[in-house]
Amino acid sequence: MANLDDLYREIILDHYRTPRNRGELTSPSAIRTEGFNPLCGDELVVYLDVQDGVIVDIKLTGHGCSISQASSSMMSAAVKGKTVAEARATIDRFKQLMTVHESSLDGQGEAPVADIRTMGELAALQGVVKFPVRIKCATLAWNTLSQGLDEA
Amino acid sequence: MSSYSARRVRGDTPLLGRVINGRPITYLDSASSTLPPRPVIEAMTRYYELRHANVHRGVYQTAVEATDVYEGARAATARFINAPQGLDEIVFTKNTTESFNLLAKSWGAANLTAGDVVLVTEMEHHANIVPWFQLREQTGIEVRFVPVTDDFRLDLSDLDRLLDGVKLFSFTAASNVLGTRNPVKELTRIAHDHGALVAVDAAQSVGHQPTDVVDLDVDFFCFSAHKMLGPTGLGVLWTRAAILESMPPFLGGGGMIADVRVDGYVPASGPTRFEAGTPPIAETAGLSAAIVYLEGLGLANVARHEDELTSDALKRLANEFDGRVRVIGPAENVDRGGVLSLDVDGVHPHDVAQVLDQFGVCVRPGHHCAKPLMRRFKLAATARASFGPYSLTTDTDVLLEALGSAVTMFG
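Here the structure is a predicted model, which is why all the values come from computation and not from measurement.

Calculation criteria
Residues numbered from 1 in each chain as written. Chains lettered and ligands numbered in written order. Predicted model: local features only at pLDDT ≥ 70, side-chain atom pairs only at ≥ 80, totals over all residues. Heavy atoms only, no water. Contact = heavy atoms within 4.5 Å. Salt bridge = Lys/Arg side-chain N within 4 Å of Asp/Glu carboxyl O. Polar contact = N/O pair within 3.5 Å; in protein donor to acceptor, adjacent residues only side chain to side chain. Helix = DSSP H or I, 4+ residues; strand = E, 2+ residues; numbered from the N terminus. Nonpolar A, V, L, I, M, F, W, Y, C, P; charged D, E, K, R; others polar. Domains from an automatic or database assignment. Buried area = accessible area lost by both parts, 1.4 Å probe. Buried < 20%, exposed > 50% of the residue type's maximum accessible area, 1.4 Å probe, protein only. Pairing = 2+ DSSP bridges. Axes fitted to C-alpha atoms, helices over the stretch in contact; angles between N-to-C directions. Expected span 1.5 Å × (residues − 1). Arc of directions from axis to C-beta. Core = buried A, V, L, I, M, F, W, Y, C linked by side-chain atoms within 4.5 Å. Phe/Tyr/Trp six-rings, centres within 6.5 Å; stacked < 30°, edge-to-face > 60°. Lys NZ or Arg CZ within 6 Å of the ring centre and 35° of its normal. 1 Å grid on protein atoms, 1.4 Å probe; cavity = no way out; pocket = protein on both sides within 12 Å on 5 of 7 lines; lining within 4 Å. Points joined across faces, edges and corners; volume = space filled by probe spheres on them.

Listed as interface residues are 15 residues of chain B and, on the opposing side, 22 residues of chain A. Taking the shortest distance from any N to any O, the salt bridge between R134(A) and D351(B) comes out at 2.9 Å. The interface formed by chain B and chain A contains 6 residue pairs in polar contact (both at pLDDT 80 or more). The biggest single contributor to the side of chain B that touches chain A is helix α12 (residues 349-358) of chain B, with 5 residues. When grouped by side-chain class, the residues that make up the side of chain B that touches chain A number 6 nonpolar, 8 polar and 1 charged.

Given below as structure tokens:
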């Protein structure tokens with residue numbers, strides 16, 4: 001049985017209560033990307049300031065559940081100051097973390113492919129995989145970031 | 001004579017015997033779908049085991065019996081809502097949504113032209129909004145909305161002006177979000193005075209209170225079997241036989257025709273004109289059983305029981321949690337049903353529902369297919385708890401316990 005504590009880790013609740021990088025970027029060069037989760041009604045706007053291949057600033061607005069809000073806050077902290085290539089690598093690792101393995105759903109072993117030792121705080125989100133309907137909450141921010149980087 | 005005990009209904013409902021996350025299931029999502037009692041499930045099983053055949057086709061014994069099952073459900077449904085001309089007025093659809101699509105795409109397309117007005121309300125389910133928007137795209141009709149007041153009722157202060165030029169007033173008998181029950185009979189009288197016909201979304205009312213379409217004097221009545229202890233996949237559109245006979249066919253194909261030649265077709269008369277293709281047959285067996293079961297309970301008894309549960313829950317929700325749990329719907333238990341949309345301060349509805357699941361409590365988070373209403377109250381979503389004929393105050397006990405946990409967890 002999936003335990004609620006696996007989902008609502010303290011660090012996730014912390015990011016939910018005190019989200020990082022909230023706000024807007026108003027400079028004309030900032031990239032604005034919207035993400036929606038039509039079934040939940042979650043809405044997210046990611047603002048990116050990319051200069052010389054580096055994400056010099058990132059801001060977020062929108063609303064959603066604790067998982068989507070915490071995931072977006074943690075995402076912003078993880079990629080701010082990183083190169084676009086590093087951010088894309090982090091997106092890939094995060095998506096691997098969110099991949100549902102039938103073996104882990106059957107309870108026959110945890111099997112995230114991503115090495116959680118390289119993921120810092122983001123590893124706290126791996127418990128989401130045990131709650132498959134919530135995976136889309138966690139991935140919204142990352143898909144939106146990915147779209148924004150495509151425009152950079 | 002009817003006799004009713006929620007505890008007995010509970011015993012008749014197999015799904016309520018389940019254990020979820022180590023707790024007995026607390027099912028509080030009857031506004032989404034009600035749970036079928038054993039007689040409904042057995043009627044469908046018995047149909048497949050003994051009588052299954054296609055309807056309106058064969059002359060062999062089981063084909064005749066299958067047709068009797070299907071047409072028998074039409075008669076039972078007519079009796080259930082007191083349709084004045086009986087089974088000639090009952091069209092089977094897939095669900096309430098399809099009933100509204102049939103209404104818009106058949107009656108609407110044939111009777112409404114550019115500039116004609118369909119009046120709906122701000123508390124409608126998308127099923128009673130989007131088909132009219134689609135018709136607007138095709139024909140240029142106007143879709144007008146009756147606003148909702150801050151205390152979650154229809155704002156009828158300007159109704160006479162809103163009804164000006166209206167050909168159809170289509171509104172819900174009971175809101176699937178707010179629980180608000182609208183004065184169907186009175187609104188119908190006023191709409192008729194303005195020369196408008198009236199369609200009612202009865203999805204949230206038929207399983208919870210008695211229905212009499214003659215007394216209400218409405219013109220169209222849409223509902224689903226699965227919201228009155230029946231199976232999914234089966235809905236109903238009732239309208240007066242005279243209107244039904246004037247409506248052009250909806251979907252084309254087998255079963256809905258009188259004749260087909262290489263140069264054209266002649267549609268069938270009566271309800272079958274709207275029932276192209278092999279219909280849900282086992283589901284009609286389930287619906288008949290649900291009707292017999294509900295008649296045995298007595299819907300007036302069910303209404304009284306759910307009313308008591310609602311009063312109790314409203315009182316307790318108002319007194320606990322230091323105001324952190326707000327009910328999005330009438331606070332007084334007057335003209336409202338057992339639907340409690342909850343807004344928990346600082347906790348997103350999806351998180352509320354997730355914590356509640358840990359206690360085996362089933363509620364529905366989301367916008368409930370009523371986004372104009374959610375926007376009206378500046379909400380993205382609510383966590384909705386709703387009662388059925390099998391609900392008990394112990395369900396409310398567990399709901400409050402679980403809500404307490406959600407409030408604590410998110411501080």
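Here we take up the domain arrangement of chain B. Residues and elements named next belong to chain B. Domain parsing of chain B yields domain 1 (6-30 + 298-409) and domain 2 (42-295). When the buried area of domain 1 at its contact with domain 2 is split by residue, L299, L373 and R376 rank highest and sum to 24% of it. Linking domain 1 to domain 2 there are 2 salt bridges. The salt bridge involving E122 is made with R376; its shortest N-O contact spans 3.9 Å. The interface formed by domain 1 and domain 2 includes 18 residue pairs in polar contact (both at pLDDT 80 or more). Secondary-structure elements contributing two or more residues to the side of domain 1 that touches domain 2 are α1 (6-12), α11 (299-319), β14 (339-344) and α13 (371-376).

A few words now on the side chain of E275(B). Residue and element names in this part refer to chain B. By secondary structure assignment, the location of E275 is in the loop between β12 (264-267) and α10 (282-297). The exposure class assigned to E275 is buried, which follows from its relative accessible area of 8%. There is a polar contact of 2.9 Å between the side chain of E275 and the side chain of Y70.

Residue and element names in this part refer to chain B. Read across the open sheet, the 4 strands follow the order β13-β14-β17-β16; overall the sheet is antiparallel. Single-partner strands in this sheet number two, and they are β13 (325-327) and β16 (364-366). Adjacent strand axes in the sheet meet at a mean angle of 30°, parallel and antiparallel pairs treated alike. Two strands pair when backbone bridges link them, and β13 and β14 are joined in this way by 3 bridges, in the antiparallel orientation. What sits directly across from V325, in β14, is V344.

Evaluation of the coordinates by the stated rule reveals 28 salt bridges over all chains. A salt bridge links R17(A) to E10(A); the shortest N-O distance between them is 3.5 Å. With a relative accessible area of 41%, R17(A) lands in the partly exposed category. Of the charged contacts in the structure, one is a salt bridge between D219(B) and R240(B), with a shortest N-O distance of 2.9 Å. Placement of D219(B) in the loop between α8 (213-216) and β9 (220-224) and of R240(B) in the loop between β10 (235-239) and α9 (241-246) is noted, with a sequence separation of 21 residues between them. Salt bridges here are not isolated pairs; linked through shared partners, they connect E71(B), R74(B) and E275(B).

All names here are of chain B. Between its first and last C-alpha atoms α11 spans 30 Å; for 21 residues at 1.5 Å apiece the expected length is 30 Å, and the two agree. Looking at α11, one finds that the buried residues are L299, N301, V302, A303, H305, E306, L309, T310, A313, L314 and L317. Following α11 by one or two positions, F321 adopts a phi angle in the positive range, close to 65°.

Quick look at helix α2 (residues 10-17) of chain A now. Every α-helix carries 3.6 residues per turn, so stepping three or four residues along brings you back to the same face. Every buried residue of α2(A) is accounted for by I12(A), L13(A), H15(A) and Y16(A). The buried residues of α2(A) occupy an angular sector of 160° when the element is viewed end-on, so they sit on one face. Contact partners of the buried residues in α2(A): α1 (4-7) and α3 (66-79) of chain A together with α14 (393-409) of chain B.

As a further point, take the nonpolar core. Residue and element names in this part refer to chain B. Grouped together as the largest cluster of nonpolar side chains are 82 residues, with contacts concentrated most on I81, F169, V200, V218 and F221. Counting the residues that make up this core, at least three belong to each of domain 1 (6-30 + 298-409) and domain 2 (42-295). In contact with I81, not counting residues within four places along its chain, are I90, T211, D212, V213, F221, F223 and W238.

On inspection of all chains with the given rule, the structure shows 11 aromatic pairs over all chains. Plain terms: the ring middles of Y8(A) and F410(B) are 5.1 Å apart, the flat faces sit at 75° to each other, and that makes the pair edge-to-face. With one member in each of two chains, Y8(A) in the loop between α1 and α2 and F410(B) in the segment after α14 form a pair that bridges those chains. Each member of the pair, Y8(A) together with F410(B), is buried. Above the ring of F377(B), the side-chain terminus of R376(B) is found at 4.5 Å from the ring centroid.

With that settled, the discussion passes to the sheet that holds strand β8 (residues 197-201) of chain B. Residues and elements named next belong to chain B. Read from one edge of the open sheet, 7 strands run β4-β10-β9-β8-β7-β5-β6, paired in mixed fashion. Taken across any chain shown, the strands that pair with only one partner, and hence form the sheet edges, are β4 (90-93) and β6 (142-146). Geometrically, the sheet is characterised by an average inter-axis angle of 20° between neighbouring strands, direction not taken into account. When strand β5 (residues 117-121) meets strand β7 (residues 166-172), the two strands line up parallel, connected through 3 bridges. By the bridge assignment, L119 is partnered in β7 with F169. Of the strands in this sheet, β4, β7, β8, β9 and β10 are in contact with helix α4 (residues 96-111), which crosses β9 at around 150°.

Attention now moves to unusual backbone geometry. All names here are of chain B. One non-glycine residue, H56, adopts positive backbone phi at about 60°. With respect to the helices and strands, H56 occurs in the loop between α2 (38-51) and α3 (61-81). Although it is not a glycine, F152 sits at a positive phi angle of roughly 70°. Structurally, the position occupied by F152 is in the loop between β6 and α6 (159-162).

Estimates place the volume of the largest pocket at around 500 Å³. Forming the boundary of the largest pocket are 22 residues, of which V133(A), R134(A), H350(B), Q354(B) and P365(B) lie nearest the centre. The dominant element in the lining of the largest pocket, judged by the number of residues it contributes, is α12(B), at 5 residues. Each residue belonging to the lining of the largest pocket can be placed in one class, and the counts come to 10 nonpolar, 7 polar and 5 charged.

All names here are of chain B. In this fold, L373 is placed in helix α13. Placed 226 residues apart in sequence, L373 and P147 show a C-alpha to C-alpha distance of 9.3 Å. Not counting chain neighbours up to four residues away, the residues in contact with L373 comprise E122, M123, V148, S175, V177 and L178.

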